[in-house]
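# Descriptive structure summary
Single-letter residue listing:
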Amino acid sequence: MIDPAIVNTLVFSGIAAMSSVGLTLTYLTTRVPNFAHGSFLTIGAYMAVYWAQILQRSPYEVLWASALLGGVVSVAQYKIVLNPLRRRGASPTYQMIATLTVAFFIFGVMSILADYFGKTYKVRVNYIALRSFDLEIASIPLVMLLSLASVILSTILLYIFLNKTRTGVALRASIENPDLAQVLGINIERMYMLAWFIAGSLGGLAGLMYAMWLPVTTTAGDEFLPTIFASSILGGLSSIFGSLAGGVLVGAANSLIPQMIAALGFTEIIQYRPIIPLLIMSIVLLTIPQGITSMTIRWVRTAR
Amino acid sequence: MISPDQVIRFVLDLAPWIAAYLVISLSLNLEYGFGGIPNFGKVLCVSGGAFLVGALPGQLIAAIYNLGEGLNYFDNHAQIMPRINDVLARDPLLSTALLIFTLVAAMLVGAGLGLISSFPSVRLREEYLAMTLLAMGEILILIGDNYKNLIGGTLGVFVPSFLGWIPVPTRSYVLTALLVGLAVMVFIFVELLTKSPYGRLLKSIRDDEVLAQALGRDVVSVKRKTIILAGALAGLAGAMLALTTGAVNAKNYNRANHTFIPWVMVLVGGAANNWGTALGVMVFMISSRLIDVFKRELQLYLPFDVVWLTPLLLSTTLLIVMFFRPSGIIPEARTQTLKPKELDAIKTGQRRLSDRS
């Protein structure tokens, strides 16, 4: 039997990394943090919850659906709300409020669905974790393996995609210099939509992992948002691989620090754990505002 | 048919809420509309004020009159609270003094929290700032929900009855009048403030920070003062909410109700325009209460709880306003500039600036 603390750390890190890499990706395209990013997690999580609770089948069967749904909603948000607003010359604050509005809208839809499904099929849809549906491979919960695999795979795949494929290079070009990319015949709109789709589907995937391990409510994603922000900021907010690393670190800190404090005998403190991402955020902003990736670059430079 | 009695009850129910939300929205308008500071953590100062009302006055009275007899205030809440209310009901002067003290203390707490949140606010860029403030907003709620000895943890606490000395039917009228009076005072204050040189300075910083700095203004200090002031107002609003509900529970304070909804009110009504903000508050509160009133009729046709329609309606309304009327229902008033003739007259000394018609 594997120590639950290790599973907890790995799953949490995976969720944080998957969601923060998406946030960073969308931030790079619009230069506005997406306050509705947590909602993609909620969507992915509830896809799994309904599948498992109503049909009594393994949530892993809808892994693809969680990711697809998250991606589609994400693209819809960009296409229907953010992009038209940007074209009208809305200020960053205005766009941020718009993302907050989308989060509120999705919260409404998710609440209606939860209410409807809960009443119609007489199943529990709130405060529910799907741990009982999880499989075990050599007494290791599958969600932990999924979390590990998704972090490693998405790092490798994103690296290959962004550096070795034409589309990936075009995407980076559209982010770094939209005007020049357009001159070279790149359809930057399509590239941005692709970025939002990747971000949303990673969010949906993170949501499914969330539902497999932690209790889900219709505000689960919104409550997770500070953690996502902390991860992205730790990664520098404009570095994709930085935010992957940031997610792993924040996720680990989120479950390791309370455990260490509890081991010292202060068990009361565990409940204040949501403060940890905030502390990380403040420390990073005060000491290394450009994130950990800037630190390594500086370090490499001085080493040379 | 609707009887006049029902209308009076509707107004009495609604007025305290309108008053409290008017104060929150005005403070946000001061920060965002006039100062350009995107405060996405409005709930921080509001919950601060509300929690103070739950935590301080009751314990104070219990300590002074030794009502707790060594018992924990929160564990034996149901026992101690009636005794506190008894003491307050017998002594109108004490009740009034305590009420005023509580309101001032709530404003101080709000100002203190504002000061804390002003440290990142004056340094960070817009998007970093918004993310930080949003995350900071949840801290106090989290502590209130988990730490039993602040406001009773998950169970919450009752607010002492400050108006217990007034007989029952008039009591609610007095409370409503008090809250509405406070809101009107805040409105006049903010209106005068934003029309003053300070208000114009704030707008100039919003429009061009570098220019204001080049003209010798201390941008950081002005921004900090604004955030502290808005925090104090938000704290007062939190206290007003606590007085309205008569109880404080951390669960009732959240990002949606105390950050997002004031933003909706300000943006729908019109940012940088206090009348617009007031209109936004009215429109929003009245329509959401009407949905509540006609809930039962609607419920017959829907397979889910009607309350969940409110987020959908709200967000759709806000998006429509953002798309088609980005400056809100009542846009910001244009700054009055002098006509060239008047300017010449002032330059040659024939007229003084204060003579402006």
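What you see as residue numbers is a count from 1 along each chain, following the sequence as written. Note on labels: chains are lettered from A, ligands numbered from 1, in written order. For this predicted model, a pLDDT threshold of at least 70 governs which residues receive local features, and a threshold of 80 or more governs which side-chain atom pairs are given and counted, while totals over whole chains, interfaces and linings are taken from all residues.

## Points about the overall build of chain B
Test applied: Helix and strand definitions follow DSSP, with helices as H or I runs of at least four residues and strands as E runs of at least two, each counted in order from the N terminus. For a compact globule the rule gives 2.2 Å times the number of residues to the power 0.38, and the radius of gyration it is set against comes from C-alpha atoms. Three exposure classes are used, based on other C-beta atoms lying within 10 Å of a residue's own C-beta, which is placed from the backbone: buried for 20 or more, exposed for 12 or fewer, and partly exposed in between. C-beta atoms are first placed from the backbone for all residues, and any pair lying within 7 Å is then listed as a contact.
Check the secondary structure of chain B and you find 16 helices and two strands. In terms of overall dimensions, chain B is globule-like: its C-alpha atoms have a radius of gyration of 23 Å, near the 21 Å expected for 357 residues. Projecting the C-alpha coordinates of chain B onto the three principal axes gives extents of approximately 75 × 55 × 40 Å. The burial tally for chain B puts 42% of its 357 residues in the buried class. Put simply, 80% of the contacts in chain B that link residues at least 6 apart link residues at least 24 apart.

## Some words on the nonpolar core
Applicable threshold: Note on definitions: a nonpolar core is a set of buried residues drawn from Ala, Val, Leu, Ile, Met, Phe, Trp, Tyr and Cys, linked by C-beta atoms within 7 Å.
In terms of nonpolar packing, the biggest core is built from 178 residues, with M209(A), V23(B) and M240(B) touching the most fellow members. For this core, the element with the highest residue contribution is helix 8 (residues 188-213) of chain A, accounting for 17 residues. A62(B), Y73(B), I80(B) and F162(B) belong to the second largest nonpolar core, which has nine residues in total.

## Side note on the interface of chain A and chain B
Across the boundary between the two partners, chain A contributes 34 residues, which contact 34 residues of chain B. Counting only elements with at least two residues in the side of chain A that touches chain B, the list comes to helix 3 (63-87), helix 4 (92-121), helix 9 (220-234) and helix 11 (275-287) of chain A. Top contributing element to the side of chain A that touches chain B by residue count: helix 4 of chain A, with 17 residues.

## A look at helix 13 (residues 274-293) of chain B
Residue and element names in this part refer to chain B. So the rule is basically this: Helix span, as expected, comes to 1.5 Å for every residue beyond the first.
Taking 1.5 Å of rise per residue, 20 residues should cover 28 Å, and helix 13 covers 28 Å from first to last C-alpha, within 8% of that figure. Those residues of helix 13 that sit buried are N274, G276, T277, A278, G280, V281, F284 and M285. The elements touched by buried residues of helix 13 are helix 1 (4-34), helix 8 (168-195) and helix 12 (255-269).

## Some words on the confidence of the model for chain B
Residue and element names in this part refer to chain B. Rule in force here: Looking at any residue, its pLDDT shows the predictor's confidence there, from 0 to 100.
Considering every residue of chain B, the mean pLDDT works out to 87; 98% of them sit at 70 or more. When mean pLDDT is taken per element in chain B, helix 11 (residues 219-245) scores highest with 94 and helix 14 (residues 295-299) scores lowest with 78. For this predicted complex, the interface confidence score (ipTM) comes to 0.86, while the overall pTM stands at 0.89.

## Quick look at helix 16 (residues 340-347) of chain B
Here helix 16 of chain B lies mainly on the outside; zero of its eight residues are buried. One or two positions beyond helix 16 of chain B, positive phi appears at G349(B), with a value near 85 degrees.

## What to know about the packing of helix 9 of chain A against helix 11 of chain A
Residue and element names in this part refer to chain A. As a reminder, the rule being used: Throughout, an axis means a line fitted to C-alpha atoms (over the contacting stretch in the case of helices), and angles, computed between N-to-C directions, take values from 0 to 180 degrees. Any angle between 65 and 115 degrees counts as roughly perpendicular, while under 35 counts as roughly parallel, over 145 as roughly antiparallel, and the rest as oblique. When the near helix sits turned anticlockwise from the far one by under a right angle, the crossing is termed left-handed; a clockwise turn instead gives a right-handed crossing. Each residue is assigned to one of three groups, with Ala, Val, Leu, Ile, Met, Phe, Trp, Tyr, Cys and Pro labelled nonpolar, Asp, Glu, Lys and Arg labelled charged, and all others, Gly among them, labelled polar.
At a closest axis distance of 8 Å, the pairing of helix 9 and helix 11 adopts a crossing angle of 25 degrees. Classified by the interaxial angle, the pair formed by helix 9 and helix 11 is roughly parallel. Two packed elements cross with a definite hand, and for helix 9 against helix 11 that hand is left-handed. Counted together, P226, T227, F229, A230, I233 and L234 of helix 9 and P277, L278, I280, M281, V284 and L285 of helix 11 form the full contact between these two elements. Of the residues that constitute the contact of helix 9 with helix 11, the class distribution is eleven nonpolar, one polar and no charged.

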